[in-house]
Amino acid sequence: MQCVRRQPARSQSRESLHRAQIKTTASNSLKRLGLEDDKDLQFLMSGGNLLKVRSGSWKKPRYYKLQDDCKTLWHESKKTLKSKQTFSVEDIEEVRTGRQTDSLKKHTEESVEGRAFSILFKSQQKSLDLIASSEEEAKKWVDGLEKVISNMKNLNPQKKTEHWIYSCMRKADQNFDNKISQKELKSFLRDINIEVDEDYAAMLFQKCDKSQCGFLEGEEIEHFYEILTQREEIEVIYGAYAKTDGLMSAADLLNFLLNEQREDASQNDALQLIEKYELDENAKAQQQMTKDGFLMYLQQPEGLIFNPAHKSVYQDMNQPLNHYFISSSHNTYLLEDQLKGPSSTEAYIKALLKGCRCVELDCWDGSDGEPVIYHGYTLTSKILFKDVIKVIKEYAFKTSEYPVILSLENHCGVEQQKIMAQHLISILDSALVTKPLRDQMPTCLPSPEELKGRFIVKGKRLDKLEDMFSEESKTAEEDSVTEEEDDEGDQEDQEKKSSKTKSLKLAKELSDMVIYCKSVHFRGFEDSRDKQSFYEMASFKEGEAVKLAEESANDYIHHNTDKLSRIYPAGLRTDSSNYNPVPLWNAGCQIVALNFQTPCPEMDLNQGLFLQNGRSGYILKPSFLRDQDTKFDPITLPEGPWLKNKSLHLMVISAQQLPKVSKRKSSIVDPIVKVQIYGVPADTTVVETQYIQNNGFNPMWNENFQFNVRVPDLALVRFLIEDYDSTSSNEFIGQYTLPFNSLKNGYHHVPLLTEKGDHLSSAGLFVHIMVVDAE
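Residues numbered from 1 in each chain as written. Predicted model: local features only at pLDDT ≥ 70, side-chain atom pairs only at ≥ 80, totals over all residues. Heavy atoms only, no water.

Here the second largest pocket defines a volume of roughly 1600 Å³. Contributing to the lining of the second largest pocket are 48 residues, with Asp102, Ser103, Lys126, Ser127 and Asp129 lying nearest its centre. For the lining of the second largest pocket, the class distribution of residues is 11 nonpolar, 16 polar and 21 charged. (1 Å grid on protein atoms, 1.4 Å probe; cavity = no way out; pocket = protein on both sides within 12 Å on 5 of 7 lines; lining within 4 Å. Points joined across faces, edges and corners; volume = space filled by probe spheres on them. Nonpolar A, V, L, I, M, F, W, Y, C, P; charged D, E, K, R; others polar.)

Our focus in this paragraph is the confidence of the model for the chain. Looking at the chain as a whole, the pLDDT averages 88, with 89% of positions reaching at least 70. The low-confidence segment residues 1-26 (pLDDT under 50) makes 36 contacts with residues lying over four places distant or belonging to another chain. Within the model, the stretch residues 489-500 combines pLDDT values under 50 with 23 contacts to residues more than four positions away or in other chains. (pLDDT = per-residue confidence, 0-100. Contact = heavy atoms within 4.5 Å.)

This part takes up the pairing of strand S21 (residues 536-541). Taking burial as the measure, the 6 residues of S21 include 5 buried ones, the bulk of the element. Handedness of the strand S20 (residues 517-520)-helix H19 (residues 525-531)-S21 crossover: right-handed. Bridge analysis of S21 against strand S22 (residues 565-568) gives 4 bridges, and the strand direction is parallel. Among the inter-strand pairings, Phe540 is bridged to a residue of S22, identified as Ile567. (Buried < 20%, exposed > 50% of the residue type's maximum accessible area, 1.4 Å probe, protein only. Helix = DSSP H or I, 4+ residues; strand = E, 2+ residues; numbered from the N terminus. Right-handed = clockwise from strand over helix to strand, strands pointing away. Pairing = 2+ DSSP bridges.)

Right, let's get into the environment of Lys621. As for its placement among the helices and strands, Lys621 is situated in the loop between strand S24 (618-620) and strand S25 (646-656). Sequence separation of Lys621 and Leu714 is 93 residues, and the distance between their C-alpha atoms is 9.0 Å. Once residues lying within four places of it in the same chain are set aside, the contact partners of Lys621 are Asn322, His323, Tyr324, Phe325, Asn560, Gly588, Gln590 and Arg626. A polar contact is formed between the side chain of Lys621 and the backbone oxygen of Gly588, at a distance of 2.9 Å. (Polar contact = N/O pair within 3.5 Å; in protein donor to acceptor, adjacent residues only side chain to side chain.)

Counted by the stated rule, this structure contains 25 aromatic pairs. Pairing Tyr324 with Tyr618 gives two aromatic rings, centres 6.2 Å apart and planes at 80°, and the pair type is edge-to-face. Here Tyr324 is found in strand S12 (residues 324-329), whereas its partner Tyr618 is found in strand S24, with 294 residues between them in sequence. Between the aromatic rings of Phe522 and Phe525, the centroid separation amounts to 5.2 Å while the plane-to-plane angle is 65°, which identifies the pairing as edge-to-face. Exposure remark for Phe522: the relative accessible area of 10% places this residue in the buried category. On the basis of relative accessible area, Phe525 is assigned to the buried category, the value being 11%. Three or more aromatic residues link up through ring pairs in this structure, and these residues are Tyr238, Tyr241, Phe256, Phe294, Tyr297, Tyr747 and Phe766. The lysine or arginine in question, Lys382, covers the ring of Tyr374, its NZ or CZ lying 4.7 Å from the ring centre. (Phe/Tyr/Trp six-rings, centres within 6.5 Å; stacked < 30°, edge-to-face > 60°. Lys NZ or Arg CZ within 6 Å of the ring centre and 35° of its normal.)

Right, let's get into the environment of Ala593. Within the secondary structure, Ala593 sits in strand S23 (residues 591-594). For Ala593, a relative accessible area of 0% corresponds to the buried category. Separated by 262 residues in the primary sequence, Ala593 and Asn331 have C-alpha atoms spaced 8.9 Å apart.

Glancing now at the pattern of salt bridges. For the structure on display, the rule yields 30 salt bridges. One salt bridge connects Glu302 with Lys276, and the closest N-O pair in it is separated by 3.0 Å. Of this pair, Glu302 sits in the loop between helix H13 (291-299) and S12 while Lys276 sits in helix H11 (residues 267-277), placing them 26 residues apart in sequence. Of the charged contacts in the structure, one is a salt bridge between Glu281 and Lys284, with a shortest N-O distance of 3.8 Å. Of this pair, Glu281 and Lys284 are both found in helix H12 (residues 281-285), 3 residues apart, which corresponds to roughly one turn of the helix. Looking at Lys284, the relative accessible area reads 19%, which means it is buried. (Salt bridge = Lys/Arg side-chain N within 4 Å of Asp/Glu carboxyl O.)

A cluster of like negative charges, contributed by Glu219, Glu222, Glu226, Asp280 and Asp292, occupies part of the molecular surface. The element best represented in the negative patch is helix H8 (residues 219-228), accounting for 3 residues. Counting through the fold element by element, Asp280 comes out in the loop between H11 and H12. For Asp280, a relative accessible area of 35% puts it in the partly exposed group. (Patch = residues over 30% accessible without salt bridge, like charges linked within 9 Å, V, L, I, M, F, W, Y side chains within 5 Å. Areas by Shrake-Rupley, 256 points an atom, 1.4 Å probe, with all protein chains shown as cover. Lys, Arg positive; Asp, Glu negative; His and termini not counted. Charge placed at Lys NZ, Arg CZ, Asp CG, Glu CD.)

Relative to the elements of secondary structure, Ser327 occurs in strand S12. When sequence neighbours within four positions are dropped, the list of residues in contact with Ser327 reads Gly355, Cys356, Arg357, Cys358, Phe596, Asn606, Phe610 and Gly617.

Before going further, it helps to spend a moment on the nonpolar core. Among the nonpolar cores identified, the biggest contains 71 residues, and Tyr348, Leu361, Ile392, Leu424 and Tyr556 are the most heavily contacted of them. Per-element accounting of this core gives the leading share, 6 residues, to helix H15 (residues 385-395). Counting residues in each nonpolar core, the second largest holds 33 residues, with Leu648, Val675, Val717 and Val750 among its members. (Core = buried A, V, L, I, M, F, W, Y, C linked by side-chain atoms within 4.5 Å.)

Pasting the structure below:
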């Protein structure tokens, strides 16, 4: 390679050099995404004006453009300090057409419906509401953005890494000459979260600078990329099994699958993996797997730690509802805290898309005759009941086709209760359960399978379900129900009521919609055994439920074998914090409601449990939590079939491409890995690795741990990576939680999620797992 020294630019400025690069750079980015000939993408990269809507009085034109890396959107800003703003396509959760956000519905006319669209983000960031100049232009923006998002998601891990690294390289190339100096190399390494000393940086640079020009370009940059992405641990594993002229034959791969991955695999399975993941056509033709193909396999679903057989619905869905854990939300309408935070239909959308199957609606009389939803006696904003029902209908079954429970906290007068009933009927139509599924009085709750695509109302009822089948059924249009405060004691606390009883007038139209989830007060296990019907369910404050789970666990489990129980956070949790759901699941409680809007370890556990069974929101409880004669007690752990005594041997090997936790360029993470087991008290534990200094790109630990798990059917495993700090609390980097029984044996990558539960693109943890029967 001929060395060409850098010369000062004469006729071209740095900006003109940059412009000259854009066409080639953009073309390469489009090629990596497989969209080089796509007209919608070319439209986005040309950019255009859109009307940005913030309020009724704030609607201003702004210029938007997809940058040449095909993953960053740039938009102009009139703010002095923010003249150029960008956001990543990977931060977008959804592009929604029409006037579908609260802001657009409130601040725009119906006439702009076809020109309006919204960009919704994975974080708590407000939606970006936009209006194009024409319906055709709006369609180009939406179609183009959806293509970029889809293709970024579908890039294989190696392509994602390549795309990310080359994007960082372009950023480090400060004078836009497609060459990397040693100074720029050091800056690039900081960008990708690794700090190296000057000697190592110089050695690395000299190793790649074969032309000795003092900068890297062309093949030298490719060589640098190969060194950077080299996975030593993969080379060691591959080398141990690649026994056919330095490559893996199908027989070699089968040997790996049987001995390391402990899979029940055949020669045909190995051949299918080679056909599916081998990148080298010559090797594929010889039915062999190269090191790159082997790494590709380990980064695909077959190579991830979560058992792919559990990604779809694999459990029996024909048992009564009370035999399942049900993903449940508390105060679903809130986006933030319980005192002054905003209420929004977006909160319902987010919860439903996460697989939530029980949402809460706090209903109050609205000033214009329309019932509203908000947190009573607080400064939280209000939203219309009918708007919430419309959104629930639209999003209820996008993630899961199994039934959604509408938990009504009814504070409305009779007239607006009738309006609530009208909205439920007119909007949900035949999907709303308004009578038992069969013509005779049922003896148990229906199954999730029987209720696919249906809505169930949980609330108060004037009479018993049996009365629907009696000749003397009630015909009165309204009546009173005298009850004790059992559901959502927040209002009781707010009003400082001295009396615990109140009289609620209930409209018959709303009452008759309560079929399988009639709310009743809990008066003790003996009273429930004698008087509570299978379709009647109690709600428990967090403190009361935890006490029962600790002091009367077996009685609680028996109660939950044929009845539903709902648990909700204490009223003092005004910051929307959460309680630990695991002890309540251990006691068989089905509807353990959490504040979905709050990122926290408790929500990680909830999402981890419901990760399995196709993210259906329904998890079949272990048999010992469904057996009415069970002796199981999670506290005392008597002998029984629940004691399966497994030994988990875990090696934490390495991590890849961890994100920075600080925006400061000089900040590099010091990653530390914690592995936590949640389950019965005897199984709950945590271990941690040493921290690795100044390396978030490819830290390596090679540390071994062992766990004894007595009741694996109730255990969850949480992998947590933090940025170690010796003087203050560690900072969160990423986590992943999954059921113990969904672990796969062998070498596996662990995907990582943000605090909000979104995937960290390209980041991961590499581990070795072995689960065996404990002696």
